[in-house]
Amino acid sequence: MAQARSGLVGELYLRLLIVEDERDLRSALETTFREEGYAVDSAADGEQGLFKAEGNEYDAIVLDLMLPKLDGRQLLERLRKTKKTPVLILSARDTVPDRVRGLDTGADDYLVKPFERIELLARVRALIRRAAGAASAKIELGDIVLNTALRTISRAGAPIHVTPREYALVEFLALHRGEIVTRTMLYEHLFDEGEDNLSNLLDVHVSNLRKKFGKDFVVTRRGQGYLIDV
């Protein structure tokens, strides 16, 4: 897997599940996505992967096909009975019938191993955008513009520095513009399973965003959650 860095800023995205039994590749994928700022959970076999996929809210799943206990297609078939989470199959099976079968089973995209890191990241970004109904890589909030491909935020054309977590919070709220997003939803989408003190972390990030974008940029609905309605 190619390791070329994009060198772009504002890297945190949303929450992913990686289901891959080969330990070195799973570790490399975890590192790749965490370096880009994603919150990442992982599973080493199909049964564990299905358990996590059904029990948590992920923005995308990266799924190997050849898994112990439950193969990737079986996992996907069962998952599709209850969830529409975007799924990218990542497999060494490279024939046209393999790709067609994977897509027909319910996958949203299919990438053959070995692969380029930048292509993997771009495909996952595209899956998340499509699932949120945002075909364009740019989201405009008045004079504030998010570029989800570059993972940057600008205001009136001038870049605004945000931390990876701050970017993720803005992007998630922007993808649900005008909707109240509960604290629970934010915990589930922006933090991985190993993190603690989530309530305090979320409050800190919201406070920092208000300092950078104005006190009314992120609106609090007491007892309900947050929203951006610019």
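Small disclaimer: the values here were computed from a predicted structure and weren't measured. (Residues numbered from 1 in each chain as written. Predicted model: local features only at pLDDT ≥ 70, side-chain atom pairs only at ≥ 80, totals over all residues. Heavy atoms only, no water.)

## Quick look at the pattern of salt bridges
As a reminder, the rule being used: When a carboxyl oxygen of Asp or Glu lies within 4 Å of a side-chain nitrogen of Lys or Arg, that pair is called a salt bridge. By definition, any uninterrupted DSSP run of H or I lasting at least four residues is a helix, any uninterrupted run of E lasting at least two residues is a strand, and each is numbered from the N terminus. Accessible area is worked out with a 1.4 Å probe on protein chains only. A residue is then buried under 20% of its type maximum, exposed over 50%, and partly exposed in between.
Across all of its chains, the model carries 16 salt bridges by this definition. Residues Asp41 and Arg15 are paired through a salt bridge, measuring 2.5 Å at the closest nitrogen-oxygen approach. On the criterion of sequence distance, the pair formed by Asp41 in strand E2 (residues 39-43) and Arg15 in strand E1 (residues 15-19) is long-range, its members being 26 residues apart. A single burial state applies to Asp41 and to Arg15, both of which are buried. The salt bridge involving Arg80 is made with Asp108; its shortest N-O contact spans 3.1 Å. One end of the pair, Arg80, is in the loop between helix H3 (72-79) and strand E4 (87-91); the other, Asp108, is in the loop between helix H4 (96-105) and strand E5 (109-112), with 28 residues separating them in the sequence. For Arg80, a relative accessible area of 25% corresponds to the partly exposed category. Each of the salt bridges in this network shares a partner with another, and the network as a whole consists of Glu20, Asp64 and Lys113.

## Considerations on unusual backbone geometry
Of note, the bond from Lys113 into Pro114 is cis; its omega dihedral lies within 30 degrees of zero at -10 degrees. Its identity is not glycine, yet Lys69 carries a phi of approximately 75 degrees, on the positive side. Lys69 sits in the exposed class, given a relative accessible area of 62%. Here the phi dihedral of Ala156 falls at roughly 55 degrees; this positive angle occurs in a residue that is not glycine. By secondary structure assignment, the location of Ala156 is in the loop between strand E8 (152-155) and strand E9 (158-159). Ala156 sits in the exposed class, given a relative accessible area of 66%.

## Quick word on the packing of aromatic side chains
Selection rule: Ring pairs are drawn from Phe, Tyr and Trp, using the six-membered ring of Trp, whenever the two centres fall within 6.5 Å, and their geometry is named by plane angle: stacked under 30 degrees, edge-to-face over 60, tilted for the rest.
Applying the stated criterion across every chain, the model contains two aromatic pairs. Centroid distance Phe33 to Tyr38: 5.2 Å. Interplanar angle 90 degrees. Geometry classified as edge-to-face. Of the residues examined, Tyr38 reaches a relative accessible area of 4% and is grouped as buried. Taken together, a centroid distance of 4.8 Å and an interplanar angle of 25 degrees make the contact between Phe213 and Phe217 stacked. Comparing Phe213 with Phe217, the two get one shared label, buried.

## Quick notes on the confidence of the model for the protein chain
Where we set the bar: The predictor reports its confidence for every residue as pLDDT, a score running from 0 up to 100. Residue contacts are defined here by distance: any two heavy atoms, one from each residue, within 4.5 Å place the two residues in contact.
For the protein chain, the average pLDDT comes to 84, and 89% of its residues sit at 70 or higher. Low pLDDT (under 50) marks residues 1-13, which in the prediction has 51 contacts with non-local residues, meaning those over four places away or in another chain.

## Observations regarding the sheet that holds strand E7 (residues 144-147)
Rule in force here: When DSSP locates at least two bridges between a pair of strands, those strands are taken to pair.
Taken in spatial order, the four strands line up as E6-E7-E8-E9 in an open sheet, and their pairing is antiparallel. Of all strands in the sheet, those with a lone pairing partner are strand E6 (138-141) and E9, marking the two edges.

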